[in-house]
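In case you want the letters, here they are:
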Amino acid sequence: MDAYKELGLYNYVRNSLVHNYSSQGKFDIDSIGFEDVPYFKNGSKVHINTNVFVRHLEEAFKKLVKDFRENSSIQNNAQETSKHYPVMVDTR
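Description of the structure in this document. Computed from a prediction, not measured in an experiment: that's the story for all the values here.

1. Section: the pattern of salt bridges
- Under the criterion given, the structure shown has 4 salt bridges.
- The partner of D67 in a salt bridge is K63, with the nearest N and O atoms 3.0 Å apart. Of this pair, D67 and K63 both sit in helix α2 (residues 50-70), 4 residues apart, roughly one helical turn.
- The exposure class of D67 is partly exposed, given its relative accessible area of 28%.
- When its relative accessible area of 52% is taken as the criterion, K63 is described as exposed.
- Here K66 and E70 are joined by a salt bridge, their closest N and O atoms 3.3 Å apart. Residue K66 and its partner E70 are both found in helix α2; the two are separated by 4 residues, about one turn of the helix.

As structure tokens, this is what we get:
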């Protein structure tokens, strides 16, 4: 998501939040304030409004789906990768 690229948010989500359940004090994530911007920096803390973030996430997902449907090289890469790293599914 381009709006959050400068923050290196992927690395925090992938590493700190997923494995340590922490943003190491870097982020304040809630739905209060900053409704019109992706994020707001206040000193060393980055404030992210969850409502705005979810809206951007939904837009990014729609773009990803469109890219998968229209770009055969992405489809081929996804199919090849899934042979080695199958998608997790509920098998109950």
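2. Focus on the sheet that holds strand β2 (residues 39-42)
- Sheet architecture is open: 3 strands sit in the order β1-β3-β2, paired in mixed fashion. On the outer flanks of this sheet lie β1 (27-30) and β2, each paired with one strand and no other. Between one strand axis and the next, the sheet turns through 20° on average, direction left out of account.
- Packing of α2 onto the sheet brings it into contact with β1 and β3 (45-49), and relative to β3 it is tilted by some 70°.

3. Section: the packing of α2 against helix α3 (residues 72-84)
- Put simply, α2 and α3 touch, their axes get as near as 5 Å, and they point 95° apart. With respect to each other, α2 and α3 are oriented roughly perpendicular. Here D67, F68, R69 and E70 of α2 come into contact with α3, specifically with S72, I74, Q75 and A78.
- Among the residues forming the contact of α2 with α3, the class breakdown is 3 nonpolar, 2 polar and 3 charged.

Conventions we followed
Residues numbered from 1 in each chain as written. Predicted model: local features only at pLDDT ≥ 70, side-chain atom pairs only at ≥ 80, totals over all residues. Heavy atoms only, no water. Salt bridge = Lys/Arg side-chain N within 4 Å of Asp/Glu carboxyl O. Helix = DSSP H or I, 4+ residues; strand = E, 2+ residues; numbered from the N terminus. Buried < 20%, exposed > 50% of the residue type's maximum accessible area, 1.4 Å probe, protein only. Pairing = 2+ DSSP bridges. Axes fitted to C-alpha atoms, helices over the stretch in contact; angles between N-to-C directions. Contact = heavy atoms within 4.5 Å. Parallel < 35°, antiparallel > 145°, perpendicular 65-115°, else oblique. Nonpolar A, V, L, I, M, F, W, Y, C, P; charged D, E, K, R; others polar.

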